[in-house]
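Examining the three-dimensional arrangement
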Amino acid sequence: MAVGQALVETRALIKSFGPVRAVDGISFTVGRGEVVGFLGPNGAGKSTTMKMIAGFLEPTSGSAFVAGFDSQRDPISARNHLGYLPEGAPAYPDMTVADFLAFVAGMRGLSPAQGQRRLAELVESIDLADVWNRRIEALSKGYKRRVGIAQALVHDPDVLVLDEPTDGLDPNQKHEMRALIRTLAPTKAIIVSTHILEEVEAICTRAIVIARGKMLADGTPADLLAHAPHRDETMPQLVKTTPLEDAFRHITLDQAGV
Amino acid sequence: MRALVLIFRREFAAYFATPLAAVFLAVFVGVSTGMTFFVSNFFDRSQADLSSFFTWQPWLLLVLMPAVGMRLWAEERRLGTIELLMTLPVQPWKIVLSKWLAAFAFAGLALAFTMPLWITVNWLGSPDNGVILASYLGAWLMAGAFLAIASCISALTKNQVLAFIGAVIAGFIFVMAGFDLVLAAVRPWAPDVVVQVIASMSFIGHFQRITDGVFEASALVFFISLIGFALWLNVQILDARKAA
């Protein structure tokens, strides 16, 4: 696929849980080379949107496409192009890292030889050698998250959807994870959800702000900053905030009508 | 096909990843031989057959199979791994089938561990080994039916205890379907055909015909179609939860 062509597309995605509209008409496209940050308060609908792109949840209406394939109508083709890290980086606790990743590689259609080769690369790039034969239940949060990333990268997908990849990591691990995402960025379309604002500035080429299921802003981190209300520098600040935080608060609090 | 094998292997190994398998096998073998010797008085009957062993199987499997099957989906949901599994490029029915097959193989292993009884009875006399083989197959299929029901109910919840209780209750209804306890509840309002149909669903009825030496095709067909239906329902439940 050509550079810039949409690898992820959502069209008027809506998801209702009973009377609650968790996602309310979200449309966007993501092209190769883009790292899009999903930004929003907890419960904004970020994870639900990601689950619909991955095809784990069926939209109430609207559709999601991965590499041109409808996540619902053509799920197998869509999933073949998608690496997905679900919220909390779930993995089978009773398996060793090696067994788990070999299982995923097999399920992704890699032959045992291909799988071994690919896993050898991932051990290097994701730094899993120390825990390779350890059971997943015995891993620290940071390693567990890395196993989750490795699992998503096994088949070298065009599209990565990562739900809070840096949640629970210490500052060094966060830094490494961001560096990894940046190195992957040029060849893939990546969506990362976070509620950490500095992350957006650190790795994203674009940010989409979601609150209460609606898209409130879509632009580069610099565009987002333009939303920041002018700060009167002479006024003392009780809580120190960055301009990006100001912009985020301005967008999510004002436009959601709180 | 490869996906089926991979999931089967993972699931089967999962039973042995914890002491669960050892405990389960010990309980199963212990209780079934205990019942045979102490409750059914295997020796006093002075008959070289295993009917005192197989009589207890419906009841034993009713309780123990839900214990094997309760984790199948409830655990995936609790761990969140269901999200991983269901977003792999594999049709859901393959996942449902291979998970069930792994549990079914585990049940087969448990039954195989009671083989010393079979050897003993051959040493003491000359039993009808054809009937015993058929009874073993019947017990295994019945275990498969309990497991398919358990798998189905497990897909409804992330709580394994709830899945266990639900599966025991559903299994109990099937075990008792031929008895008045169930039929009396239906007879007053349902037409005769319905009562007949329910009576014909009895696990004990089908299993008894097999252990009596009448290896009827109908019993085979019954258990296999019930397994097929429960697994189909399992797929539908997963699908419905996706849209929920």
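1. Quick look at the sheet that holds strand β7 (residues 159-163) of chain A
All names here are of chain A. Across the sheet, which stays open at both edges, the six strands sit in the order β6-β7-β8-β3-β9-β10 with mixed pairing between neighbours. Sheet topology places β6 (82-85) and β10 (214-219) at the edges, where each strand pairs with a single neighbour. Ignoring which end each strand starts from, the neighbouring axes of this sheet average 15 degrees apart. Relative to strand β9 (residues 206-211), strand β3 (residues 35-39) runs parallel, the two being bridged by four bridges. Bridging across to β9, valine 36 finds its partner in arginine 206. Lying over the sheet, helix α1 (residues 46-54) contacts β3, β6, β7 and β8 (189-194), oriented at roughly 150 degrees with respect to β8. Contacts from helix α5 (residues 141-153) reach β6 and β7 within the one sheet, and its direction differs from that of β6 by about 165 degrees.

2. With respect to the domain arrangement of chain A
Residues and elements named next belong to chain A. Entries for chain A in the domain assignment read domain 1 (6-81 + 158-254) and domain 2 (90-156). On a C-alpha basis, the centres of domain 1 and domain 2 stand 25 Å from each other. Each side of the interface is counted separately: domain 1 has 17 residues, and domain 2 has 12 residues. Buried surface at the junction of domain 1 and domain 2, both sides included, amounts to about 1100 Å², of which 58% is carbon and sulfur. One can count one salt bridge joining domain 1 with domain 2. In this structure, the salt-bridge partner of lysine 188 is aspartate 156, at a minimum N-O distance of 2.6 Å. Seen at the junction of domain 1 and domain 2, the total is three residue pairs in polar contact (both at pLDDT 80 or more). Sort the elements by how many residues they give to the side of domain 1 that touches domain 2 and helix α6 (residues 171-184) lands first, with five residues. For the side of domain 1 that touches domain 2, a count of residues per class yields seven nonpolar, three polar and seven charged.

3. What to know about the side chain of serine 154 of chain B
Residues and elements named next belong to chain B. Structurally, serine 154 is set in helix α9 (residues 129-154). Take serine 154: its relative accessible area is 0%, and that puts it in the buried class. A distance of 2.8 Å separates a polar side-chain atom of serine 154 from the backbone oxygen of methionine 70. Excluding its chain neighbours within four sequence positions, the residues that come into contact with serine 154 are Gly69, Met70, Arg71, Leu72, Trp73, Ala74 and Ala163.

4. Observations concerning the interface of chain A and chain B
In this complex, chain A contributes 32 residues to the contact, which on the side of chain B involves 25 residues. Both faces combined, the contact of chain A with chain B buries some 2600 Å², and carbon together with sulfur accounts for 64% of it. The three residues of chain A that bury the most area against chain B are Phe56, Tyr92 and Met107 of chain A, which together make up 30% of that side's buried surface. One can count two salt bridges joining chain A with chain B. At the boundary of chain A with chain B, the tally comes to 11 residue pairs in polar contact (both at pLDDT 80 or more). At the level of elements, β1 (6-17), α1, α2 (75-80) and α3 (97-107) of chain A are the ones that each hand at least two residues to the side of chain A that touches chain B. By residue number, the principal contributor to the side of chain A that touches chain B is α3 of chain A, which donates five residues. Split into classes, the residues belonging to the side of chain A that touches chain B amount to 18 nonpolar, seven polar and seven charged.

About the cut-offs
- Residues numbered from 1 in each chain as written.
- Chains lettered and ligands numbered in written order.
- Predicted model: local features only at pLDDT ≥ 70, side-chain atom pairs only at ≥ 80, totals over all residues.
- Heavy atoms only, no water.
- Pairing = 2+ DSSP bridges.
- Helix = DSSP H or I, 4+ residues; strand = E, 2+ residues; numbered from the N terminus.
- Axes fitted to C-alpha atoms, helices over the stretch in contact; angles between N-to-C directions.
- Contact = heavy atoms within 4.5 Å.
- Domains from an automatic or database assignment.
- Buried area = accessible area lost by both parts, 1.4 Å probe.
- Salt bridge = Lys/Arg side-chain N within 4 Å of Asp/Glu carboxyl O.
- Polar contact = N/O pair within 3.5 Å; in protein donor to acceptor, adjacent residues only side chain to side chain.
- Nonpolar A, V, L, I, M, F, W, Y, C, P; charged D, E, K, R; others polar.
- Buried < 20%, exposed > 50% of the residue type's maximum accessible area, 1.4 Å probe, protein only.

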